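Chain by chain, the residues:
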Amino acid sequence: MPALEVKNISKTFVEDKVKVKALDDVSFIVEDEEFVCLVGPSGCGKSTMLRIIAGLEKADSGDVIFQGKPITGPSPKISMVFQLFGLLPWKTAIENVEVPLEVLGMPKKDRVAAGMEYLKMVELEGFENTYPHDLSGGMKQRVGIARALALKPEILLMDEPFSSLDELTAKTLRDLVLEIWRRKGEPPNSMVMVSHNVEEAVYMADRVIVMSPRPGRVVGEVKIEIPRPRFEHRREPVYFRFVDEVMGTLQKGNHKQ
Amino acid sequence: MRGYLLKVAGGFALLALMAYLIGTLSPYPEMANLPLFTLSTITRIFITLLISLAWGVSFGILASTNRTASIVITPIIDLLQSIPILGYFPLVIGFLFAFGAIGIELSVVLLLFTSMAWAIFFGVLGAVKGIPTNVVESSKSFGLTGWRYVRHIVLPAIAPAVVSGANLAWSDGWFFMIAAEYIQYKGDVVVPPSGGLGVLLARAAYHYEDMNLAVVLLVFITTLVVVINSLTWHKLMERANKGTFKPILNIDLSGIGKLEARAVSDLDLEDLHLPKSFSAVAQRLRRYSRAERLIAYSSVLALIIFIMFSEAHHFPSIADIQAGFSTPPAEFLPQLPMYILLTMGRLGVAYLISLAVAIGLGVLAAENRLMASIIYPIYDVGQGVPILALFPVIYLGLTDFIGSQRAALEVTCVVMLVLDMIWYMFINITSAVKNIPSELREVGQLFGFRGLKRVTHLVIPAILPAIVTGSILSWGTGWNTIIFSEYLPQSDPAVPAVSVPGLGSFLDISGYVYGNTVLLVFTLIIISVIVLSMEALIWRRLLRRFEKYKVEV
């Protein structure tokens, strides 16, 4: 059974009385222990797709099947990392990690322990009691990742998690995320990331799903067959071949219009 | 266009009908002057608006582009705007007696100016400072300097702020109209020779004590304000908002059907150009160095001395000041500490009520679409009501109801304060709730904050900075209102005025009844000290503490 099954999702928004078709009959699956990346130009509905999986938005038609049941709302088993971090500015780093656990009813002692553990995992020891205001962008996103991981999610969703960071920080965090994901037997099991950065997608994903804009449709998918860790292969022709292939599929999507 | 003309004709017909009915049905002969007096008030406020515009735009640009000018002008104006309208009374007296009839008209315009001009100045100041650095730098690199810079960059950039500032000035003018058109001095009532709506309202309420007429006049004034607003300002604001760097406050009255959409779109007011807008308050609390404060205070002191000079035609000597402290109402001076406590008590009670109601309504309106569609229209029309004009109406109503004049005035005072303070709290809170970034809302949804958890973890912390801002603004306006509402003037000098003991009534009695400038200024200084120490001890600390809570996007 796949970890996640997206079946014929369509979604239309009304903006200034004009109907915009954001998603048109989108289907794909995410396998167990797979890292899937949705790539496409802005306006192709990839973020909307991610929010439907997260249970934050409702589709007009179609279903997302998770553990045999259609998703109807947010669940701790599917967690999310946001583009602009989504930290509560009035909570310290550790409190930000703790809040979702508090909602789940975890006792204070366990919460603090979990908070420390996950902040350590994202290499933020010593910043537990710092407010987001005093953290750099990269550190904020580390808190965002720790918060998502603390829920021990089956599936981790990431909405352009590195696009508001500088390239050096982004590089470090990509490797951190990959390293956490590849730990055997520990959540998260599968990853779904949204990106408009083709190099990033090829570097991280097992499979890249390419989408086209207005209406958002799947135009193709590319299985990335580069051995991991990919850090060692990032200068090899095989890497650039896959980048070219994804680029080509993107172009094809544009021409269809 | 045809729709617009229909609206103009419809509004005019409605007002004309109301004026006709009031004129014919009311037993008092002067009510027949209603159309003429309406025109007179409109003209007066409009002229003051033009003067305020000329002053506000030129000084605003000067203070925001020239550093030296900024250091001197901004703090002074900041302090001047916090002085209640009555504080300018001594300045007005000079005109009153020097120029006769024209002098009275000038005095009214001057009083109105002191309550209207600031909104435009601070709006311009904020807008010029809000021009993005990249625009400033690119224009400099293309050689736009001096007048060209003002013409091509500054003027277009401030246009929306000028329009919304002018709109607020216009509302402020209507708000203070009743205080400005009915000046009392040493037992005499001075009204502008060309009349005005404030004159009629004050006559109806104070002289005839005719509750029904007062309410009818109030409805007339409110309708007038709403009609004028929907015919002029809304169109202007819509037009001015195009091509700006940031959205500004835009509250639309036309078409209540659009409200629901607006609750979501228009009311995410990024930065409001309120009379004492957040940016101005925040700047004042954070920016000023000790040197700047010193300059500001000494300038204000110099100004006060100048005012007293112009009144007395010589600089106040120690003897003058001593004389001031030994003539009436100096015999009440020992009770001053109690007056302070009483006035602070009224303000405190009104503040707590407004705080609770505004948080409740603001959160409800922002979280619940149905509530929004009920609350926003009330709020829209409510802001058209000149609240000061409500004073006699509420008082008369309560006197009938309670029986005791003192008790009625006490309640009226708190009601007035609440009505006045709540609007600042509400607009700040609502815009803050609306401005919670969608990502944070999603975080709340994703991690399952519901009901009370959502309110305590997400909504309340997010609006805390706005609550502090709203508090500062509402206390500021509260001081203004309490001076007006602790003391009820009587048009017949033989009848003693009704008042409740407090700092406001003491100030009124010093100014209105005895014309004791020394005590008036003394009371104003006490008020300023209280306002400034509250700022330093409470608000500034809270503001700094909640600074970090602001969501950066």
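Fair warning: this is a prediction, and the values are worked out from it, not measured in the lab.

**Examining the overall build of chain A**
The secondary structure content of chain A amounts to seven helices and ten strands. In terms of overall dimensions, chain A is globule-like: its C-alpha atoms have a radius of gyration of 18 Å, near the 18 Å expected for 257 residues. Taken along its principal axes, the extent of the C-alpha atoms in chain A is 55 × 45 × 40 Å. Within chain A, counting contacts between residues at least 6 apart in sequence, those at least 24 apart form 70% of the total.

**Focus: the confidence of the model for chain B**
In regions of low pLDDT, the predicted coordinates are not meant to be interpreted in detail. Residues and elements named next belong to chain B. Within chain B, residue pLDDT values average 75, and 78% of them lie at 70 or more. Ranking the elements of chain B by mean pLDDT puts helix α10 (residues 259–264) last, at 29, and helix α2 (residues 34–65) first, at 91. Taken as a whole, residues 243–287 scores under 50 in pLDDT and shows 91 contacts with residues more than four places along the chain or in a different chain. Scoring of the predicted complex yields 0.73 for pTM and 0.78 for ipTM.

**Brief notes about helix α18 (residues 438–446) of chain B**
Inspection of α18 of chain B places Leu440, Val443, Gly444 and Leu446 of chain B among the buried residues, and these make up the whole buried set. Packed against the buried residues of α18 of chain B are α1 (46–54) and β6 (78–81) of chain A together with α19 (451–485) of chain B. Backbone geometry just downstream of α18 of chain B places glycine 448 of chain B in the positive-phi region, at approximately 75 degrees.

**Details of the sheet that holds strand β1 (residues 4–15) of chain A**
Residue and element names in this part refer to chain A. The strand order across the open sheet formed by four strands is β2-β1-β4-β5, and the pairing between neighbours is antiparallel. Each of the sheet's edge strands pairs with one partner strand only, and the pair in question is β2 (18–30) and β5 (69–70). With two bridges joining them, strand β4 (residues 61–66) and β5 adopt antiparallel strand pairing. Residue pairing across strands places isoleucine 65 opposite proline 70, the latter belonging to β5. Sheet strands touched by α1: β1, β2 and β4. Its angle to β1, the strand with the most contacts, is close to 120 degrees.

**Points about the interface of chain A and chain B**
Counting from both sides, the interface comprises 15 residues of chain A and, opposite them, 17 residues of chain B. Considering only residue class, the side of chain A that touches chain B consists of 13 nonpolar, two polar and no charged.

**Remarks on the sheet that holds strand β9 (residues 207–212) of chain A**
Residue and element names in this part refer to chain A. Spatially, six strands are ordered β6-β7-β8-β3-β9-β10 in an open sheet, and the strand pairing comes out mixed. Only two strands of the sheet have a single partner each, and these edge strands are β6 and β10 (217–223). Taken pair by pair, the neighbouring strands of this sheet meet at an average axis angle of 20 degrees, ignoring direction. Taken together, the five bridges between strand β3 (residues 35–39) and strand β8 (residues 190–195) define a ladder with parallel strand orientation. By the bridge assignment, valine 39 is partnered in β8 with serine 195.

**A look at the packing of helix α2 (residues 93–103) of chain A against helix α4 (residues 137–150) of chain A**
Residue and element names in this part refer to chain A. As a packed pair, α2 and α4 sit with axes 9 Å apart at the nearest point and diverge in direction by 25 degrees. When the interaxial angle is binned, α2 and α4 end up roughly parallel. α2 and α4 meet at a crossing whose hand is right-handed. Contacts from Ala93, Asn96, Val97, Pro100 and Leu101 of α2 reach α4 at Val143, Ala146, Arg147 and Ala150. In terms of residue class, the contact of α2 with α4 is made up of seven nonpolar, one polar and one charged.

**A word on the pairing of β9 of chain A**
Residue and element names in this part refer to chain A. Extensive coverage of β9 is indicated by the burial of five of its six residues. Bridge count between β3 and β9: four bridges; the pairing is parallel. The residue of β9 that forms the bridge with valine 39 is valine 210. Inspection of the sheet shows β9 paired to β10 by six bridges, in the antiparallel sense. Each bridged residue has a counterpart across the sheet, and for methionine 211 the counterpart in β10 is valine 218. Between β9 and β10, which follow one another and run antiparallel, lie four residues, and arginine 214 among them has a positive phi close to 40 degrees.

So, how was this worked out
- Residues numbered from 1 in each chain as written.
- Chains lettered and ligands numbered in written order.
- Predicted model: local features only at pLDDT ≥ 70, side-chain atom pairs only at ≥ 80, totals over all residues.
- Helix = DSSP H or I, 4+ residues; strand = E, 2+ residues; numbered from the N terminus.
- Rg over C-alpha atoms; globule rule 2.2 N^0.38 Å.
- Contact = placed C-beta atoms within 7 Å.
- pLDDT = per-residue confidence, 0-100.
- Buried ≥ 20, exposed ≤ 12 C-beta atoms within 10 Å, placed from the backbone.
- Pairing = 2+ DSSP bridges.
- Axes fitted to C-alpha atoms, helices over the stretch in contact; angles between N-to-C directions.
- Nonpolar A, V, L, I, M, F, W, Y, C, P; charged D, E, K, R; others polar.
- Parallel < 35°, antiparallel > 145°, perpendicular 65-115°, else oblique.
- Left-handed = near helix turned anticlockwise from the far one by under 90°.

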